[in-house]
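Examination of the molecular architecture
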Amino acid sequence: MAATGPERVSVLLPTYNERDNLPLVVWLLARTFSDSGIDFEIIIIDDGSPDGTQEVAQQLEKIYGSDKILLRPRAKKLGLGTAYIHGMKYATGNFIVIMDADLSHHPKFIPEFIRKQKEGNFDIVSGTRYKGNGGVYGWDLKRKLISRGANFLTQVLLRPGASDLTGSFRLYRKEVLQKLMEKCVSKGYVFQMEMIVRARQLGFTIGEVPISFVDRVYGESKLGGNEIVSFLKGLLTLFATT
Amino acid sequence: LLPSRLTPLSPQAAMTKLGQWLCGLALLGSAWAALALAPPGLQPPAPLRQALLPLPVYLLVAFGCYSLATVGYRLATFNDCEEAAVELQEHIKAARADLRRRGLRL
């Protein structure tokens, strides 16, 4: 089913305390889309950030227009999955891009996602840090080891058909994301994993594009024992239930 | 990169990954037990039995080695995106300047 008619990309940006990064990521998105002639809208779902993120978002709305910047905030921190569901209600694009708002994902890859999508008419295009010239900046050896080890485990247990299961830089066809959101129940890293696993179950096709992940936050937020435990619990749950 | 292919199975008919592993282990396990622990009348020839008995442990160790080698290799070839970080810094500078021009007040 090749897309007929005008195409539009809706970018879902859940934010929490991204006062500094939000204008930068919006600027990069707008620049990328106008340079490549792709129609777009950016849906900012802020969970009541106390640092003034919403004020910055309102300024961006004035600068870029309310047809391009859609502010759809929520009262408090309610989680990523529900943020996507909430944002999708307002999306008018036929493609949906989900990404991090902290500049770890660079919008320049989005045109490559679209190119890849057209190449194979994929339902999902997933950015991967583990293949081709994908990679990471700002991780020490320990962090990389944990990442590769965890990924190896998910490959062995879940055989998902995608190299980067915990990545969150992806393009979905809108109907596909809607279908998946109904079925996914996990939280955090595991939520991103579950999306890919369920997608496979439902027969959706997945293409991959190597991306670079620039981690500027790692120094402050080390990967804790808690996160590793909840990752393992989530992985085993997916192993036993899918 | 090749897209993933999936033979469409109804959700009810598909087995969980855990189910697949248990089935596979049960199959291999019973084949091994039948051959290695057979009563004297049905035993396979001695050399085969000698190789068969420790096979599960050998396979486990082999898988362990494979895992270490694979993770080690992937760790060693994990790309460091230096240029991406540098490029991002430049883009941030350009973005800040342009946004200020357009009236953004931080």
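Residues take numbers from 1 onward in each chain, read along the sequence in its written order. Naming scheme: in the order in which they are written, chains are lettered from A and ligands are numbered from 1. It should be noted that, the model being predicted, local features are given only for residues of pLDDT at least 70 and side-chain atom pairs only at 80 or more, the latter also being counted only at that level, while totals for whole chains, interfaces and linings use all residues. Derived side-chain values reflect all non-hydrogen atoms in the structure, with water molecules and hydrogen atoms excluded from consideration.

**Digging into the overall build of chain A**
Put simply, DSSP marks the helices as runs of H or I at least four residues long and the strands as runs of E at least two long, and each gets a number from the N terminus on. Across its full length, chain A carries eight helices and nine strands. With C-alpha atoms as the basis for the radius of gyration, the globule rule is written as 2.2 Å multiplied by the number of residues raised to the power 0.38. Against the globule reference of 18 Å for 242 residues, chain A gives a C-alpha radius of gyration of 17 Å, in line with a compact fold. Overall size of chain A, expressed as C-alpha extent along the three principal axes, is 50 × 45 × 35 Å. Between two residues, a contact is recorded if the distance between any of their heavy atoms is within 4.5 Å. A fraction of 80% describes how many contacts in chain A between residues 6 or more apart in sequence connect residues 24 or more apart. Total accessible area computed for chain A in this model is approximately 9,900 Å², and 54% of it derives from carbon and sulfur atoms. Side-chain charges of chain A comprise 32 positive and 26 negative groups, with the mean position of each set lying 5 Å from the other. Working definition of accessibility: Shrake-Rupley area with a 1.4 Å probe, residue cover restricted to the visible protein chains. The charged-residue count follows a simple rule in which Lys and Arg add positive charge and Asp and Glu add negative charge, with His and chain termini not counted at all. For this purpose, a charge sits on NZ of Lys, CZ of Arg, CG of Asp or CD of Glu.

**Observations concerning the interface of chain B and chain A**
On the chain A side, the residues contacting the 42 residues of chain B number 53 residues. Buried surface at the junction of chain B and chain A, both sides included, amounts to about 4,200 Å², of which 66% is carbon and sulfur. A 3.5 Å cut-off defines polar contacts: any pair of N or O atoms within that distance qualifies, except that in protein one atom must be a possible hydrogen donor and the other a possible acceptor, and neighbouring residues in sequence count only when both atoms are side-chain atoms. On the surface where chain B and chain A come into contact, there are 13 residue pairs in polar contact (both at pLDDT 80 or more). For the side of chain B that touches chain A, the secondary structure elements donating two or more residues are α1 (17-36), α3 (55-76) and α4 (82-101) of chain B. Residue classes follow a fixed rule: Ala, Val, Leu, Ile, Met, Phe, Trp, Tyr, Cys and Pro count as nonpolar, while Asp, Glu, Lys and Arg count as charged, and any other residue, Gly among them, counts as polar. Across the side of chain B that touches chain A, the residue classes tally to 22 nonpolar, 10 polar and 10 charged. Two parts placed together each lose some accessible area under a 1.4 Å probe, and the buried area is that loss summed for both.

**Some remarks on the UniProt feature "domain: Glycosyltransferase 2-like" (unreviewed entry) in chain A**
UniProt positions are given in the numbering used here, feature names are shortened, and annotations may be inferred rather than shown by experiment. Residues annotated by UniProt as "domain: Glycosyltransferase 2-like" (unreviewed entry) correspond here to residues 10-180 of chain A. Here residues 10-180 of chain A runs as 43% helix and 19% strand, with 17 Å between its end C-alpha atoms.

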